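# Working through the structure, step by step
These are the residues of each chain, in order.
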Amino acid sequence: MSKIMAVNAGSSSIKFQLLEMPEEQLICSGLVERIGEGLMSHYFFKVNGKVVLDRELPVKDHAVGVQLVLDGLKELKIVESLDEISGVGHRVVQGGPYFSDSAVVTEDVKAKIKELIPLAPLHNPAHIVGIEAFEQALPGVLNVVVFDTAFHQTMPIENYLYGTPYEWYTENKVRKYGAHGTSHAYVSQVYLDTTGTPAEGSKVITCHIGNGASITAVKDGKCLDTTMGLTPLDGFPMGTRSGHMDPTVLSYIAEQKGLKLDEIINILNKKSGYLGMSGLSHDSRDLENAIIAGEKADATAEQKALAERCRLAFEVQFKRICDYIGSYYVLMGGCDAIVFTAGIGENSAYLREHICDRLAALGVEIDNELNWDGSIRGKIVNIAKPTSKIKVYIIPTNEELVIARDVVRLSK
Ligand code: AMP
């Protein structure tokens, strides 16, 4: 029995889960946010889904944030001593061409993550700060890195090379790397385990649709293709990201609006997608509620117009999602199952209904009553009708569990 920390350090936050392994039991979770912003930071701990500690105070950097997490564990008597923590697993967004599996942290591993900072300027520096803060706070404890890109390293070159000069690839590492690999790997494996399907010969399309979103073609249990590219801006529109477009949009809009390249990239990352298209919110629930409000008999003209914008934002995203699903169906020579996961994929019956409707040409048929049944939330369910040519599963993702499992695996 040992306690493992699964950590997701962002530029101004530290999200964590403490798990009992190998029992795979969640002991507690928490978040420290607004680190180093010069404002009041906020942190909380949750046990059994209930907030057990919630405080605001200034947190100047990640090292202080990590110390608050460890002090909180002792104060709440979640651990008697920090010696009970036998390993820490860190999510890392970009592992570039170097990592096709998780790795024990060494100086060389840290140097590679730093070398890849130009490919993930928002994420990799924060991961390094998080790793070093835990190394300092828990000396001698095993640190493991788990890469979002590792699962996608099995893609053949014709699926990850861009149609750009070859030297951009050989000299500058320009290629598709993918993202959310931990989630795609986890839900595709859960699908195989749940249905007793052998990996060999299996064809699964996993749709990780949360605030960030990507789709992966998983053939023989391995990634064959995925929608995210050099960075998580690629693919289809998400909560605040635009997804793929004609790259000339950048130079054109720079000239039209007098914007610099980094300002445009920032807009494409943070002010596009649902937020940009609807003008309302990045959160799919707000868009769904606005659509419902606009459909009421006494809706005002403004409510109706807003509902139309929200519907349009969804339609653009759903169309693009189905483009990818259709192309992966062709790429794999068929598909056994489509799997929905992450915040929206797991929770939005609206999204699943509209996407599956658009996939009728592939023989997809869902039991829409089951799709909308609130009691399926958090469960592994096949919502396809028995007559459907493709199974349609909802599988809750659990990236922290994969991280904790990898720490245990690499500790042996
Ligand atoms: P994630 O990035 O996977 O945490 O997903 C976050 C997103 O999931 C939120 O921004 C919401 O849009 C969406 N979400 C969470 N719960 C629901 C729900 N009950 N219905 C629709 N969307 C949801």
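Thresholds applied
Residues numbered from 1 in each chain as written. Predicted model: local features only at pLDDT ≥ 70, side-chain atom pairs only at ≥ 80, totals over all residues. Heavy atoms only, no water. 1 Å grid on protein atoms, 1.4 Å probe; cavity = no way out; pocket = protein on both sides within 12 Å on 5 of 7 lines; lining within 4 Å. Points joined across faces, edges and corners; volume = space filled by probe spheres on them. Nonpolar A, V, L, I, M, F, W, Y, C, P; charged D, E, K, R; others polar. Pairing = 2+ DSSP bridges. Helix = DSSP H or I, 4+ residues; strand = E, 2+ residues; numbered from the N terminus. Buried < 20%, exposed > 50% of the residue type's maximum accessible area, 1.4 Å probe, protein only. Contact = heavy atoms within 4.5 Å.

Attention shifts here to empty space enclosed by the protein. In the structure shown here, the tally under the stated rule is 1 cavity of 30 Å³ or more. Within this model, the largest cavity holds a volume of roughly 40 Å³. Lining the largest cavity, in full, are V93, Q94, L119, A120, T149, Y177, G178, A179, G229, L230, T231 and P232. Taken together, the residues of the lining of the largest cavity break down into 7 nonpolar, 5 polar and no charged.

Ordered in space as β11-β10-β9-β12-β14-β13, the 6 strands form an open sheet in which the pairing is mixed. Unpaired on one side and paired on the other, β11 (222–226) and β13 (381–382) mark the two borders of the sheet. As defined by bridge partners, strand β12 (residues 337–341) adjoins strand β14 (residues 391–394) across 4 bridges and the pair is classed as parallel. Across the sheet, the residue bridging to I338 is V392, located in β14.

As for its placement among the helices and strands, S29 is situated in strand β3 (residues 25–33). With 218 residues separating them along the chain, S29 and P247 place their C-alpha atoms 40 Å apart.

With respect to the helices and strands, the residue L370 is situated in helix α14 (residues 368–372). A relative accessible area of 24% means that L370 is categorised as partly exposed. When the C-alpha positions of L370 and Y191 are compared, they lie 19 Å apart, and in sequence the two are 179 residues distant. The contact partners of L370, leaving out residues within four places of it in the chain, are I376, V381, N382 and I383.

This paragraph deals with the sheet that holds strand β2 (residues 14–21). One key point about sheets: their strands pair by backbone hydrogen bonds, in either a parallel or an antiparallel sense. Strands sit in the order β5-β4-β3-β2-β1-β6-β8-β7 across an open sheet of 8 strands; the sheet is mixed. Among the strands making up the open sheet, the edge pair consists of β5 (50–57) and β7 (103–104). Of the pairings in the sheet, the one linking β2 to β3 comprises 7 bridges and is antiparallel in character. Across the sheet, the residue bridging to I14 is V32, located in β3.

Our focus in this paragraph is unusual backbone geometry. Here the bond from M21 into P22 is cis, since omega is 5°, no more than 30 degrees from zero. Following the sequence through the fold, P22 ends up in the loop between β2 and β3. In this structure, E24 takes a positive phi of about 65° despite not being glycine. Along the polypeptide, E24 turns up in the loop between β2 and β3. You will see that N48, though not glycine, has its phi angle at about 50°, which is positive. Tracing the backbone through its elements, the reader meets N48 in the loop between β4 (41–47) and β5.

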